[in-house]
Amino acid sequence: MSDIETLEQELTAKIAGAETEAALEDVRVAALGKKGVVSEQMKTLGKMSPEKRKEMGPALNGLKTRIAEAIEAKKTKLEDAALDARLATEKVDITLPVAPDVKGKIHPVSQATEEIIAIFSAMGFDVVEGPDIEDDFHNFTALNFPEDHPAREMHDTFFFEPKEDGSRMLLRTHTSPVQIRTMMNEKPPIRIVIPGRTFRCDSDQTHTPMFHQVEGLVIDHETHMGHLKGTLEAFAKAFFEVDTVKTRFRPHFFPFTEPSAEMDIGYERVGNEIRIGQGDKWMEILGCGMVHPNVLKNCGLDPDEYQGFAFGLGIDRVAMLKYGIPDLRDFFAADARWLEHYGFDALDQPSLWAGLSR
Ligand code: DAH
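On a predicted model such as this, the values are computed, not experimentally measured, just so you know.

Caption draft 1: Structural context of helix α4 (residues 50-89). Taking 1.5 Å per residue, 40 residues should reach 58 Å; α4 reaches 58 Å between its end C-alpha atoms and fits that length. Largest kink in α4: about 30 degrees, centred on M56, with the proline P58 one to four residues after it. Turning to α4, its buried residues are M56, G57, L60, G62, L63, I67, I71, K74 and L78. Each element contacted by the buried residues of α4 is listed here: α1 (3-17), α2 (21-32) and α3 (37-44).

See the structure below:
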């Protein structure tokens, strides 16, 4: 047997005998490291006669490759075995009943969303959702934002890298694009609410880069401001769980509604507590208006035949108000103690008949 064959047998046996990744690494260094046996053999090639080198060169290179491959294969085997061992000890039996001291809580944003849906469902609204990643057409153009209008900038939009044709996708800045998606695909009458995530590049005590909105849209033959006000006042009473609520509609501008308004609700501060519905202070809670004729046209609806109203409400904001949560950023800090304090029981589904929040 040649020296090379003997060496290969020895090394192969050592590789097979290595029981841990550390032991295998020792074998690798001893064979292929700078001062390893194979490397030392390679160094002797330079001193050989050309004929000998012609014979030994390929033989040694072959040895080196085979040993490296054997080490790599053994390494994968050891890693797989280590992973299997870990998986066996870390196994979780998900069919076990929940331990009495481990109790999940519903996040106030989820709770408020469910409450809002319960209220509008009772009024005959359907729930519709849309994509978080939008195009310029649905988020702005179809909603009657003029090209280059400052309102596009006002939204502090997160844009993606431009595509080959120069267009850019974006993270939707509001839930209003789902109005467009619905009107383009469904024939009125339409009566929907659209809950979802929205994104703007903004962060302070009352703003986070991701937040939540509920959009409302009603389209029918004879829809007017009276329907809008009645619906939103009924909503405010139900949501804040008060018998009366003072509301005020202030003229405002949105490109997609005409006329447009912001709805304020009356409140008073008693010590640290905010009482909704009474008092002489006003707080803005949503934007609303009659759907702009251009928006109807952009969706293929005839403004002489159909009218509608729409509104957009910040879910996080009303959840903060209703549940007395001072800092919006805490909503997304994923702090289990915070959730334990502000969270809701998973088995209490909000409904109008059983009470929204108990
Ligand atoms: N999309 C608006 C925003 O995020 C909110 C809004 C205002 C929605 C008026 C509407 C509406 O549907 O009619 O600022």
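Caption draft 2: Spatial organisation of the site of the ligand. What surrounds the ligand is a group of 15 residues, the closest being H174, S176, R200, Q213 and E215. Take Q179: an N or O atom from its side chain is 3.1 Å from an oxygen atom of the ligand. For the ligand, whose free accessible area comes to 360 Å², the fraction covered by protein is 91%. Those elements that provide at least two residues to the shell around the ligand are β6 (210-220), β10 (281-291) and β11 (307-314).

Caption draft 3: Examining the pattern of salt bridges more closely. Scanning all chains against the criterion turns up 14 salt bridges. Here E273 and R275 are joined by a salt bridge, their closest N and O atoms 3.7 Å apart. Given the relative accessible area of 31%, R275 is considered partly exposed. Bridged by salt links that share partners, the residues R248, R250, E262 and D264 form one connected network.

Caption draft 4: Layout of unusual backbone geometry. In this model, P188 is joined to P189 through a cis peptide bond whose omega is 5 degrees. Examined against the element boundaries, P189 turns out to sit in the loop between α8 (177-185) and β5 (190-199). Following E258, the chain continues into P259 via a peptide bond in cis, with omega recorded as -5 degrees. Phi is positive for N144, close to 70 degrees, though the residue is something other than glycine. The residue N144 is located in the loop between α6 (136-139) and α7 (150-154) in this model. Its identity is not glycine, yet A334 carries a phi of approximately 55 degrees, on the positive side. In this structure, A334 sits in the loop between α11 (315-323) and α12 (336-342).

About the cut-offs
Residues numbered from 1 in each chain as written. Predicted model: local features only at pLDDT ≥ 70, side-chain atom pairs only at ≥ 80, totals over all residues. Heavy atoms only, no water. Helix = DSSP H or I, 4+ residues; strand = E, 2+ residues; numbered from the N terminus. Expected span 1.5 Å × (residues − 1). Bend = angle between axes of the 7 residues up to and from the residue. Buried < 20%, exposed > 50% of the residue type's maximum accessible area, 1.4 Å probe, protein only. Contact = heavy atoms within 4.5 Å. Near = heavy atom within 4 Å. Polar contact = N/O pair within 3.5 Å; in protein donor to acceptor, adjacent residues only side chain to side chain. Areas by Shrake-Rupley, 256 points an atom, 1.4 Å probe, with all protein chains shown as cover. Salt bridge = Lys/Arg side-chain N within 4 Å of Asp/Glu carboxyl O.

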